[in-house]
Structure formats: structure tokens, C-alpha cells
Amino acid sequence: IQLEEKLHKALENEEFRIFFQPKINIKSGRIEGAEALIRWQNDQGDLVSPGEFISIAEETGLIISIGEWVLEKVCSQVRLWRQQGIDIHVAINLSPRQFRDKELVKKIHRVVSSNGIPADCIALEITEGVVMDDEENAISLLRRFKEIGIRLSMDDFGTGYSSLYYLKQFPIDELKIDRSFVMGIPDKQDSKAITTAIISLAKSLRLETVAEGVETEEQLEFLKRLNCDMVQGYLFSPPIPAEEFTNLVKK
Ligand code: G
Ligand code: G
Ligand code: NA
Ligand code: MN
């Protein structure tokens, strides 16, 4: 209850912030996109990571309002970047409760339109669990997102219980290889085998691939050889505030 109240206040007092982590095109080395990651700057000025409050926000339903705030912030940032000639797409994380929100498609359509940005500048990151809970419903919802032009990304791929059958049915654009597999490169045979298999599967389904948690040159080289499309991780940049991101893109 206490944390719930604090989260309500945090939303009212604009204590949340959005950090952006670049997604780099592995061939060109250019920043093509970003993942938006929320942080909570508490009254002591410390940054609280979402791991400490997203699940409570999810349980209490506050995630719906927080998610709307994230969406507004991300779309207005994309608009500002476009005004400066910076053309990147930004991915937003969705949790299960948000995915079950009947108004979600309408809300996203409205915020994207009111900011005058192309819908394909916005991607939604969903996890396997979120869609596999109710596959049939998920497919029709994902189709509605595709109809309005939103990009769809399957997050943490390989850690959940996705069925390959449904993976083919889902109208997704991109698979994100979970950090736990990338972490095992180059030492762990099984991590390398799984990463290789995911990239090959993605290619045969014509999905783009993003490797998360890339921290070393060796990992980058391995992913390059597999023709992975994009990389994200501390090797390039941690999640950073918008102003820093702007400077990074301009460099
Ligand atoms: O930085 P990291 O600690 O940022 O993020 C931890 C987790 O929190 C991520 O796995 C991500 O799924 C989740 N997360 C980050 N930002 C958001 C957000 O805006 N909305 C939701 N629903 N989850 C988020
Ligand atoms: O679940 P999701 O993939 O959305 O979460 C992304 C999380 O991974 C965030 O908490 C982010 O801060 C973290 N992260 C991003 N890049 C790296 C990295 O290179 N190494 C590690 N250990 N964590 C990372
Ligand atoms: Na994510
Ligand atoms: Mn992930």
C-alpha cells in the first residue's frame, strides 16, 4: 500500500523519467532506434529501476496510467527528434495488464496521431508470456496494431514458452534475443547454439533480429558473423536521458 501511494504521487509530481538505450544497426554501425526504459527519480534524487516498481504497478493497475504517461512522453520525444532531423524509431515495453487494456489500440493511435508522427516510429515490445496467455486474442490484437502501422517486437525471446507455431501466426516484425544467451558468448556452447538457432529461425520467418545485452567486442563479432541485424547493450551505451541520446546521435 505504501509503495502504491508513492507511485501515485510520483506520477502526479512527474517523478518518472524515460531513458533511451540505442539500438544499433550492426552493418552500418548507425543508431536506428531506441528502447524507452522508465526510471523513477525519488525525492532523494536517486534513480529507482523499474524492476523495483513495475510489478507493483502491474498488480495495482497503476501501470495503465504509467503506461499512458510513457506513451505520451515517447511520442512527444520522437516528434522533437524528427523536428531536429533525427529519424529513429522508439520501442516501448508493454506489460500483461496493459496488453489486456481494451482501449490500448485506440489510445496508441490517438497519441501517435496527435503528435503527427508516423506510426512506424513506434514499436511495442511484448514478451512471450503476454501473448501466449491467450493466443487467439493476442493475434487479433497484434493485427490491429499492424493495421495502424505500429511495429511489434518480441522481447526476451527464448526465455518464455512460445510455440513456434504461434510465432509464425503472430504478425511481429522483430525478435529480441534475450540477454541471458548473449551473456554466454563466447564461452558457453549452448548459448552460442541457441543464439545461432534463434537468428536462423528469425531469418526463415523474415523477422528482424536484435541482440540485447551486448557488452563485448567478441559478442559483437559473433553476432556479425550470424548476420544479426541490430545490437543493443553496454558496449555501445547504457540507457541514457534524451539530451544525452541526442548528442550521441549527432556524433
Ligand atoms: O533498465 P531496466 O532495469 O531498465 O528495465 C527492467 C525491466 O523493466 C525491463 O525488462 C522492462 O521490461 C521493464 N520496463 C522498463 N520500462 C518499462 C515501461 O515503460 N513499461 C513497462 N511496462 N515495463 C518497463
Ligand atoms: O527485459 P528488457 O529486455 O526490456 O530489459 C532491458 C534491461 O536490460 C534493462 O534493465 C537495461 O538497463 C538492461 N541492459 C541493457 N543493456 C544491458 C547490458 O549490456 N548488460 C546488462 N547486464 N544489462 C543491460
Ligand atoms: Na524490453
Ligand atoms: Mn529483454
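One can find the structure itself at the top, above this paragraph.
Starting afresh in each chain, residues are numbered from 1 along the sequence in its written order. Labels are handed out in written order, letters beginning with A for the chains and numbers beginning with 1 for the ligands. Totals for whole chains, interfaces and linings use all residues, but because this is a predicted model, local features are given only for residues with pLDDT of at least 70 and pairs of side-chain atoms are given and counted only at 80 or more.

**Some details on the environment of serine 113**
Position of serine 113 relative to the elements: it lies in helix H5 (residues 104-114). Between the buried cut of 20 or more and the exposed cut of 12 or fewer other C-beta atoms within 10 Å of a residue's own C-beta lies the partly exposed class, and all C-beta atoms are placed from the backbone. Note on serine 113: 12 C-beta atoms within 10 Å, which makes it exposed. For the pair serine 113 and glutamate 125, spaced 12 residues apart in the sequence, the C-alpha separation amounts to 20 Å. Runs of E in the DSSP output that reach at least two residues are strands. Runs of H or I that reach at least four are helices, and both are numbered from the N terminus.

**Considerations on the nonpolar core**
As a rule of thumb, nonpolar side chains are buried together in soluble globular proteins. One finds Val90, Ile92 and Val231 to be the most contacted residues of the largest nonpolar core, which totals 63 residues. For this core, the element with the highest residue contribution is helix H3 (residues 63-83), accounting for eight residues. Not counting residues within four places of it along the chain, the set of residues in contact with valine 90 comprises Gly33, Ala34, Ala36, Val74, Val78, Cys121 and Ile122. Defined on buried residues, the nonpolar core groups Ala, Val, Leu, Ile, Met, Phe, Trp, Tyr and Cys residues joined through C-beta atoms within 7 Å. By the convention adopted here, residues make contact when the C-beta atoms placed from their backbones lie within 7 Å.

**Digging into the pairing of strand E1 (residues 16-25)**
Pairing of E1 with strand E2 (residues 31-41), which is carried by nine bridges, proceeds in the antiparallel orientation. Its bridge partner being in E2, phenylalanine 20 is matched across the sheet by alanine 36. What makes two strands pair is DSSP finding at least two bridges between them. A loop of five residues connects E1 with E2, the two strands running antiparallel in sequence, and glycine 29 in this loop sits at a positive phi of about 75°. One ladder, built from two bridges, connects E1 with strand E9 (residues 230-231); its direction is antiparallel. Looking at the pairing, asparagine 25 lines up with methionine 230 of E9.

**Some remarks on the site of ligand 1**
Defining nearness, a residue is near a molecule or strand when the C-beta atom obtained from its backbone falls within 6 Å of it. Taken together, the neighbourhood of ligand 1 is formed by 13 residues, with Leu37, Ile38, Pro50, Asn93 and Ser95 sitting nearest. Listing elements by their share of the shell around ligand 1, those giving two or more residues are E2 and H3. Looking at the shell around ligand 1, the element that brings in the most residues is H3, giving three residues. Classes in brief: Ala, Val, Leu, Ile, Met, Phe, Trp, Tyr, Cys and Pro nonpolar; Asp, Glu, Lys and Arg charged; the others, Gly included, polar. Looking at the shell around ligand 1 residue by residue, the class counts come to eight nonpolar, five polar and no charged.

Read these as layout, nothing more, since geometry by itself doesn't imply function.
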